[in-house]
There are 2 protein chains.
Amino acid sequence: MRIIIMSRRERTPKQHVILEAIQGRTDHPTAEELYRELNEHGHAISLATVYRNLRALTQEGKVRELHGAGPDRFDPTVSPHYHFRCHRCGRIYDLDLPYRRELDSLNLGLGFKVLGHQLIFLGLCQNCQGEKEEPWQK
Amino acid sequence: MRIIIMSRRERTPKQHVILEAIQGRTDHPTAEELYRELNEHGHAISLATVYRNLRALTQEGKVRELHGAGPDRFDPTVSPHYHFRCHRCGRIYDLDLPYRRELDSLNLGLGFKVLGHQLIFLGLCQNCQGEKEEPWQK
DNA sequence: CTGCCTGCAAAATCTTTGCAGAGTG
DNA sequence: CACTCTGCAAAGATTTTGCAGGCAG
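Residues numbered from 1 in each chain as written. Chains lettered and ligands numbered in written order. Predicted model: local features only at pLDDT ≥ 70, side-chain atom pairs only at ≥ 80, totals over all residues. Heavy atoms only, no water.

**Thoughts on the UniProt feature "binding site: Zn(2+)" (unreviewed entry) in chain A**
Residue and element names in this part refer to chain A. According to UniProt, the feature "binding site: Zn(2+)" (unreviewed entry) maps to Cys 86, Cys 89, Cys 125 and Cys 128 in the numbering used here. In sequence the annotated residues extend across 43 residues, while in space they remain close, none of their C-alpha pairs exceeding 8.2 Å. Structurally, the position occupied by Cys 86 is in strand 3 (residues 83–86). Residue class for Cys 86 comes out buried when judged on its relative accessible area of 1%. Beyond its immediate stretch of four places on either side in the chain, Cys 86 contacts Arg 91, Gly 123, Leu 124, Cys 125 and Cys 128. For Cys 128, the location among the structural elements is in the segment after strand 5 (113–124). Among residues more than four places away in sequence, those in contact with Cys 128 are Cys 86, Arg 88 and Cys 89. (UniProt positions renumbered as here; feature names shortened; annotations may be inferred. Helix = DSSP H or I, 4+ residues; strand = E, 2+ residues; numbered from the N terminus. Buried < 20%, exposed > 50% of the residue type's maximum accessible area, 1.4 Å probe, protein only. Contact = heavy atoms within 4.5 Å.)

**With respect to the packing of aromatic side chains**
Summed over the entire model, instances satisfying the criterion amount to six aromatic pairs over all chains. On the basis of an interplanar angle of 15° and a centroid distance of 3.9 Å, the ring pair of Phe 84 of chain A and Phe 112 of chain B is categorised as stacked. Within this pair, whereas Phe 84 of chain A is found in strand 3, its partner Phe 112 of chain B is found in the loop between strand 4 (92–94) and strand 5 (113–124), the two belonging to separate chains. The pair Phe 84 of chain A / Phe 112 of chain B is uniform in exposure class, with both members buried. Considering the side-chain rings of Tyr 82 of chain B and Tyr 99 of chain B, the 5.6 Å spacing of their centres and the 35° angle between planes classify their relative orientation as tilted. In this pair, Tyr 82 of chain B sits in the loop between strand 2 (73–75) and strand 3 (83–86) while Tyr 99 of chain B sits in the loop between strand 4 and strand 5, placing the two residues 17 residues apart along the sequence. (Phe/Tyr/Trp six-rings, centres within 6.5 Å; stacked < 30°, edge-to-face > 60°.)

**Some thoughts on unusual backbone geometry**
Residues other than glycine seldom take positive phi values, yet His 28 of chain A does so here, at roughly 55°. You can see His 28 of chain A is positioned in the loop between helix 1 (13–23) and helix 2 (31–40).

**Focus on the interface of chain B and chain A**
Counting residues at the interface gives 30 residues for chain B, matched by 30 residues for chain A. Counting the surface lost from both chain B and chain A, the interface buries some 2,700 Å², and carbon and sulfur atoms represent 68% of this. Three residues stand out in chain B for area buried against chain A, namely Phe 112, Gln 118 and Phe 121 of chain B, and they jointly supply 20% of the buried area on that side. One can count zero salt bridges joining chain B with chain A. Across the contact surface, chain B and chain A share ten residue pairs in polar contact (both at pLDDT 80 or more). Secondary structure elements with two or more residues in the side of chain B that touches chain A: strand 3 and strand 5 of chain B. Classifying every residue of the side of chain B that touches chain A gives 18 nonpolar, nine polar and three charged. Pairing between strand 5 of chain A and strand 5 of chain B: eleven bridges, direction antiparallel. Paired with Ile 120 of chain A across the strands is Gln 118 of chain B, a residue of strand 5 of chain B. (Buried area = accessible area lost by both parts, 1.4 Å probe. Salt bridge = Lys/Arg side-chain N within 4 Å of Asp/Glu carboxyl O. Polar contact = N/O pair within 3.5 Å; in protein donor to acceptor, adjacent residues only side chain to side chain. Nonpolar A, V, L, I, M, F, W, Y, C, P; charged D, E, K, R; others polar. Pairing = 2+ DSSP bridges.)

**Looking at the relation of the copies chain B and chain A**
Rotating chain B by 180° and translating it 0.0 Å along the rotation axis places it on chain A, where the RMSD comes to 0.1 Å. Those values place the two copies in the arrangement expected of a two-fold rotation axis. When C-alpha positions in chain B are compared against the rotation axis, the closest is assigned to Leu 119 of chain B, at 2.3 Å. (Least-squares fit on C-alpha atoms with pLDDT ≥ 70 in both.)

Here it is, written out as structure tokens:
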């Protein structure tokens, strides 16, 4: 006797456009931003579906979730790298710095088991350096 | 004629116990955790007041807000330092590593104005290394 | 027909806010 | 009284979930 594993589609249609949309941006959009962009570009899709598929993609390891003030953002690059986060608009950008793998071997004490690290620079992105108002644009 | 500036109390009673409570912990509690701890220890206080005063303390620069998966956490130490975040329980601990001030002078390109950086190690804290269940204890 | 995917609306989670009453001087 | 601080409940913001209908094999 044989156990047959249910076949599962690699990628649903909506998941595909979501992945494409996120990969087409460098500012690590929020679910809401992706939802708006997709609908403005002719893809009828609900916010729930955006959230659902972003979560699925996260669990599959296709995208990474980033937390900060305000809504979560999503990063299409999952290999270890560092970020810059704009304090004003909340956007997050990838940086082109080498990942310091040796930091993950440090003994930090307290019995911590280190699996990785994040380095996030904070400041103002170019767009926001002249601005006075709208302290928290989404 | 003289402009009289209203005198303002340095610290309200509730704010004081909140600050004391957070300073008595090393795991950077959430508002909810502080709320529970205080009420269990005889301080009648509402969750709204905990949030309100944590926000006030943050704006005063007395505590720092930390973001991650799940609710925000609060750090009683505001001088620059690094953190360890447990992937399972979400708790955040201070690390005793020197702050690399020189990193804030790097030119990261894209016109970023750097104000500081965060280094966060991810992994499992001692409590969570043996555990199998309860993947997201608060 | 069977099962996955989606939209919609409701629920859930986390946080802020309006308002009225208590406390202080 | 004038003012701040607080609790309560409601509202807000973000994210997840139940359910029914649609579509593909």
